[in-house]
Amino acid sequence: MTVRHDTLLQQLSHNTLSPAELTKASKEASSLSSATRLYSEWRQCQQELEQVQLMLTEQDQSIVSLAEEELQELTARWVDIERQLVVELAPKDTADAASAILEIRPGAGGDEAILFSGEMARMYERFSQINRWKWEVLSGSTDRPKENKEMIINITGKNVFGMLRYETGVHRQRCDCRVQRVPTTETQGRVHTSTVTVAMMPQPTEVDIQIKESDLRIDVYRASGAGGQHVNTTDSAVRMTHLPTGLTVSMQDERSQHKNKAKALKVLRAKIYDVARQETDLLRRNSRNQQIGTGDRSEKIRTYNFPQNRVTDHRINLTLYELEPVLTGEGLSRVIEPLQEHYLAASLLA
């Protein structure tokens, strides 16, 4: 690893590579830099540990006491560096660094499911703000949740998909979230159960997915629902179908047909890319089945229990009594990070 890193740095410094080779070498060198640094720190820490362990054999008790204290600190540091090194050396998914398309659909539970889909959207929006990602609603509205059959959001930033991919997860996948809470409209003390389905797809570039115009069928129609005079009286709504795969995307939020086409194409490209990734994953590892759930009560990856102030992720048996911080986005990382560590370990064993 270190030899390869040094070789790449020499190639880059000599400036003899073609533009394509330069781009490839730069990316590889960048990916190896952190691992090389961590490996160097790990070796140094290991050597310091060996020296401190020798000090434990000294006759002077004061030196032994100092060595024991230093040994604890060095051991903790060594374990932390090793954990970071394992993360860097683990197999990478090229899509992890990409932006993402987020889809949120109400499942079982009627109006409660619709209301909770809006609450989920606000959770991810706040989490995006914390990470300084750009949040762009392509379809639906967080202000009018009862009008939403689904919400589609484009989240732009670094490592968006890598951070949020397990919100769809390996768990009945494309994330079926079972929600238990006492509604404000309920006066009899009963607890309602409703579900929301979340899908997270990496946003590809035009280089990743090229769509021929001949592969598209585009239908235009008048938008429905609240939206203003121009939205409802002109053929601004767009339904775009990718003929080779049969995937369909509809978009009607904009007054302009052109803008709706652009949004639909962005979502369609992400869907095609996601299907291609799933096929590759299934060929490589049959145990990874990444399909969006139906939103049925029996398909749950995470439970939000309002009466008990509890969040439980069923894939890793994680339970937190921090419902409000998670739903506000502030505490969502305390669910995401253990999931990342779990699937990282699984990928190393696969």
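Criteria and thresholds
Residues numbered from 1 in each chain as written. Predicted model: local features only at pLDDT ≥ 70, side-chain atom pairs only at ≥ 80, totals over all residues. Heavy atoms only, no water. Phe/Tyr/Trp six-rings, centres within 6.5 Å; stacked < 30°, edge-to-face > 60°. Helix = DSSP H or I, 4+ residues; strand = E, 2+ residues; numbered from the N terminus. Buried < 20%, exposed > 50% of the residue type's maximum accessible area, 1.4 Å probe, protein only. Pairing = 2+ DSSP bridges. Axes fitted to C-alpha atoms, helices over the stretch in contact; angles between N-to-C directions.

Caption draft 1: Molecular detail of the packing of aromatic side chains. If you walk through the whole model with that rule in mind, you get six aromatic pairs. Centroid distance tyrosine 39 to tryptophan 42: 6.1 Å. Interplanar angle 20°. Geometry classified as stacked. Of this pair, tyrosine 39 and tryptophan 42 both sit in helix α2 (residues 19-55), three residues apart, which is roughly one turn of the helix. Accessibility expressed as a relative area gives 29% for tyrosine 39, which makes it partly exposed. Ring pairing ties together the aromatic residues Tyr39, Trp42 and Trp78, which thus form one cluster.

Caption draft 2: Inspection of unusual backbone geometry at higher detail. A positive phi angle is found at arginine 132, which is not glycine, with a value near 60°. By the secondary structure assignment, arginine 132 is in the loop between α4 (111-130) and β2 (134-139). Phi at asparagine 317 is positive, roughly 55°, even though this residue is not glycine. For asparagine 317, a relative accessible area of 69% gives the class exposed.

Caption draft 3: Here's a closer look at the sheet that holds strand β7 (residues 237-242). In spatial order, the strands read β6-β7-β8; together these three strands make up an open sheet with antiparallel pairing. Unpaired on one side and paired on the other, β6 (216-221) and β8 (247-251) mark the two borders of the sheet. Ignoring strand direction, the axes of neighbouring strands in this sheet form an average angle of 15°. Here β6 runs beside β7; their pairing, made up of six bridges, is antiparallel. From the neighbouring strand, tyrosine 221 faces β7, where its bridge partner is alanine 237.

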